[in-house]
Amino acid sequence: MEQSKIWLSSPHMGGNEQKFVNEAFDANWIAPLGPNVTGFEIDIENYLSNSKIDENLVNVAALSSGTAALHLALILLGVKAGDEVICQSMTFAASANPIMYLGATPVFVDSESDTLNLCPVQLEKAIEDRIAKGNKPKAIIAVHLYGMPYKVDEIQKVADKFEIPIIEDSAEALGSSYKGRKCGTFGEIGILSFNGNKIITTSGGGALIAKNKSIKQKAIFLATQARDDAPHYQHTEIGYNYRLSNISAGIGRGQMEVLDKHVNLRRKMNMFYQEVFSNIKGVTVFSEPSDDYFCNNWLSIISVDKEITGKSREDLRLFMEGLKIECRPLWKPMHLQPVFKNMPFYGDGLAEELFDTGLCLPSGSNLTNEDRERLSLGINEFFRA
Ligand SMILES: *Cc1c(COP(=O)(O)O)cnc(C)c1O
């Protein structure tokens, strides 16, 4: 029998998504507003609020993508052409692209080895040097890569020292937390993504998380073409068409019902890999550096030491590809991307090394025992040979 492909991370419906979508059809709410949009926002607000953060500080605007949320976050923080914005280099291009939309310059900063996210030491160095050069950065985009929280306290301390706001790119980290507080609630503005391969999906979508209601309202205003309060169409600002569809939001409401269950299943995948690699020398399964961190394990990742194993992560990737198992290199750092090659970078080579040695493994919440059996057999076969 033809074996089916094992994907890195594929959509996993919970069951009630279609009920919410049908409600939208029944009420003819086929528009970028409606009860599902409002309901989805409330679901996320409730999910992110807990005893570690006042619910009034969690205000969610549902948008068409995480990229749109980042674009609006930069606008809300006043970033303009000619400004500089610090961005973690090791990330998906969507973290950095919106800086370019505004004619601003990204300043890329390296990772540290505990969380693979923004390095507080390099961050401070970068800010000091940019200030010395006469252009103080307007914002810092910090990412919780693969669901692993960045060093929240250390990064916040640097940001506070220089009074620069943080945009918290939590696109991969819904369901993760740091010291008991949910990711998405730490930055001056946070963002989420509900793209097809993320921890929950609305087929495509995102959200902006603001510290007060007026910022949320401003985000929605900008996301709906910046219409002034008038009976005719009147505009005093440039607007965007960035609101989430009421159909997509219906999928989101169904997905929120199973979020914690799916986070648990992804964490089980990570434990599965810890077990599989426990007796393979030279391979490290990336995991939480301490009890302060709770990772949703959106993707499980390893690094392969070629000196010890005699094999590269690319050898493993191609071998698994042959078994119809999708694996991917880690994000290629932004400072190594042709499109960003002229942008400033501060670092000492860690992101580059991670890119050379790291691999993302199939991590979906919908993987079966048979899938795990195939994964385990494949990995063992590769490292035995
Ligand atoms: C997916 C992702 C985004 C962008 O989200 P979209 O909804 O795909 O626009 C931004 N940052 C990171 C780190 C991501 O992984």
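Residues numbered from 1 in each chain as written. Predicted model: local features only at pLDDT ≥ 70, side-chain atom pairs only at ≥ 80, totals over all residues. Heavy atoms only, no water.

## Some points on the domain arrangement of the protein chain
Inference 1: Along its sequence, the protein chain is carved into domain 1 (17-258) and domain 2 (260-327 + 362-384).
Inference 2: Of note, the centres of domain 1 and domain 2, computed from C-alpha atoms alone, are 29 Å apart.
Inference 3: Contact with domain 1, which involves 23 residues of that partner, is made by 18 residues of domain 2.
Inference 4: Interface of domain 1 and domain 2: buried area, both sides summed, is about 1,900 Å²; carbon and sulfur atoms make up 62% of it. (Domains from an automatic or database assignment. Contact = heavy atoms within 4.5 Å. Buried area = accessible area lost by both parts, 1.4 Å probe.)

## Some remarks on the sheet that holds strand 6 (residues 177-178)
Inference 1: Taking strand neighbours across the sheet as the criterion, the three strands line up as 7-6-11 in an open arrangement whose pairing is antiparallel. Sheet topology places strand 7 (181-182) and strand 11 (293-294) at the edges, where each strand pairs with a single neighbour.
Inference 2: Here strand 6 pairs with strand 7 via two bridges, running antiparallel. Following the sheet pairing, Tyr-178 is matched in strand 7 by Arg-181. (Pairing = 2+ DSSP bridges. Helix = DSSP H or I, 4+ residues; strand = E, 2+ residues; numbered from the N terminus.)

## Observations concerning unusual backbone geometry
Inference 1: Positive phi outside glycine occurs at Leu-116, with the angle close to 70°.
Inference 2: Its location among the elements puts Leu-116 in the loop between strand 3 (105-109) and helix 5 (120-132).
Inference 3: Backbone geometry at Gln-225 places phi at a positive 70°, although glycine is not the residue there.
Inference 4: The topology assignment puts Gln-225 in the loop between helix 7 (213-223) and helix 8 (246-277).

## Focus on the packing of aromatic side chains
Inference 1: On inspection of all chains with the given rule, the structure shows twelve aromatic pairs.
Inference 2: Relative to Trp-331, the ring of Tyr-146 has its centre 6.4 Å away and its plane inclined at 10°; by these criteria the two rings are stacked. Of this pair, Tyr-146 sits in the loop between strand 4 (139-143) and helix 6 (152-162) while Trp-331 is found in the loop between strand 13 (328-329) and strand 14 (345-346), placing the two residues 185 residues apart along the sequence.
Inference 3: Taking the relative accessible area as the measure of exposure, Tyr-146 reaches 2% and is therefore buried.
Inference 4: A residue is classified by how much of its surface remains accessible, and Trp-331, at 19% relative accessible area, is buried.
Inference 5: When the ring of Phe-277 is compared with that of Phe-383, the centres are 6.2 Å apart and the planes differ by 80°; the resulting orientation is edge-to-face. One end of the pair, Phe-277, is in helix 8; the other, Phe-383, is in helix 12 (residues 369-384), and 106 residues separate them in sequence.
Inference 6: Take Phe-383: its relative accessible area is 17%, and that puts it in the buried class.
Inference 7: Three or more aromatic residues link up through ring pairs in this structure, and these residues are Phe-92, Tyr-146, Trp-298 and Trp-331.
Inference 8: One residue, Lys-5, lies across the ring of Trp-7, its end atom 5.1 Å from the ring centre.
Inference 9: Positioned above the aromatic ring of Phe-382, the side-chain terminus of Lys-311 is 4.5 Å from the ring centre. (Phe/Tyr/Trp six-rings, centres within 6.5 Å; stacked < 30°, edge-to-face > 60°. Buried < 20%, exposed > 50% of the residue type's maximum accessible area, 1.4 Å probe, protein only. Lys NZ or Arg CZ within 6 Å of the ring centre and 35° of its normal.)

## Topic: the nonpolar core
Inference 1: Of all hydrophobic cores here, the largest spans 60 residues; its most connected members are Phe-40, Leu-123, Ile-140, Tyr-146 and Leu-174.
Inference 2: Shared between two domains, this core takes at least three residues from each, and those domains are domain 1 (17-258) and domain 2 (260-327 + 362-384).
Inference 3: Discounting residues that sit within four places of it in the chain, Leu-174 has contacts with Tyr-47, Leu-48, Leu-192, Phe-194, Ile-199, Ile-200, Met-256, Leu-259, Val-263 and Asn-296.
Inference 4: By size, the runner-up hydrophobic cluster in this structure holds 35 residues, among which are Val-85, Ile-99, Ile-141 and Ile-220. (Core = buried A, V, L, I, M, F, W, Y, C linked by side-chain atoms within 4.5 Å.)

## Some remarks on the side chain of Thr-201
Inference 1: Mapped onto the elements, Thr-201 comes out in the loop between strand 8 (189-193) and strand 9 (206-210).
Inference 2: At a separation of 3.2 Å, a polar atom in the side chain of Thr-201 contacts the main-chain carbonyl oxygen of Asn-195.
Inference 3: Apart from the residues lying within four places of it in its own chain, the contact partners of Thr-201 are Pro-11, Met-13, Phe-194, Asn-195, Gly-196, Ile-251 and Gln-255. (Polar contact = N/O pair within 3.5 Å; in protein donor to acceptor, adjacent residues only side chain to side chain.)

## Details of the site of the ligand
Inference 1: Lining the immediate surroundings of the ligand are 15 residues, of which Thr-67, Asp-169, Glu-172, Ser-193 and Lys-198 lie closest.
Inference 2: Between the ligand and the protein, one listed contact pairs an oxygen atom with a side-chain N or O atom of Lys-198 at 3.1 Å.
Inference 3: Isolated, the ligand exposes 380 Å² of accessible area, and the fraction of that covered by the protein chains is 95%.
Inference 4: Residue composition of the shell around the ligand, grouped by class: four nonpolar, eight polar and three charged. (Near = heavy atom within 4 Å. Areas by Shrake-Rupley, 256 points an atom, 1.4 Å probe, with all protein chains shown as cover. Nonpolar A, V, L, I, M, F, W, Y, C, P; charged D, E, K, R; others polar.)

## Digging into the environment of Leu-8
Inference 1: Locating Leu-8 in the fold gives a position in the segment before helix 1 (17-26).
Inference 2: Each C-alpha atom of the pair Leu-8 and Phe-108 lies 27 Å from the other, and the pair is 100 residues apart in sequence.
Inference 3: Ignoring anything within four residues of it in the chain, the contact list for Leu-8 reads Leu-299, Glu-326, Cys-327, Arg-328, Cys-360, Leu-361, Pro-362, Ser-363 and Gly-364.

## Observations regarding helix 12
Inference 1: Taking 1.5 Å of rise per residue, the 16 residues of helix 12 would be expected to cover 22 Å, and the 22 Å separating its terminal C-alpha atoms lies within 8% of that figure.
Inference 2: All of the buried residues along helix 12 are Asp-371, Arg-374, Leu-375, Gly-378, Ile-379, Phe-382 and Phe-383. When helix 12 is viewed along its axis, its buried side chains cluster within an angular range of 145° and face the same direction. In helix 12, those exposed residues whose orientation departs by more than 90 degrees from the buried face are Asn-369, Glu-370, Leu-377 and Arg-384. (Expected span 1.5 Å × (residues − 1). Arc of directions from axis to C-beta.)

## Considering the environment of Arg-227
Inference 1: For Arg-227, the location among the structural elements is in the loop between helix 7 and helix 8.
Inference 2: Residue Arg-227 is classed as partly exposed on the basis of its relative accessible area, which comes to 37%.
Inference 3: Residues Arg-227 and Ile-302, spaced 75 residues apart in sequence, show a C-alpha to C-alpha distance of 48 Å.
Inference 4: The contacts of Arg-227, once residues within four sequence positions are left out, are Phe-221, His-232, Tyr-233, Gln-234 and His-235.

## Quick notes on helix 3 (residues 66-76)
Inference 1: With nine of its eleven residues buried, helix 3 lies for the most part within the structure.
Inference 2: Residues of helix 3 that are buried include every one of Gly-66, Ala-68, Ala-69, Leu-70, His-71, Leu-72, Ala-73, Leu-74 and Leu-76, and no others.
Inference 3: By the N-cap criterion, in which a side-chain oxygen at the helix start approaches the backbone nitrogen of a residue two or three places on, helix 3 is capped by Ser-65, the distance to Thr-67 being 3.3 Å.
Inference 4: Just downstream of helix 3 lies Gly-78, where phi reads positive at about 85°.

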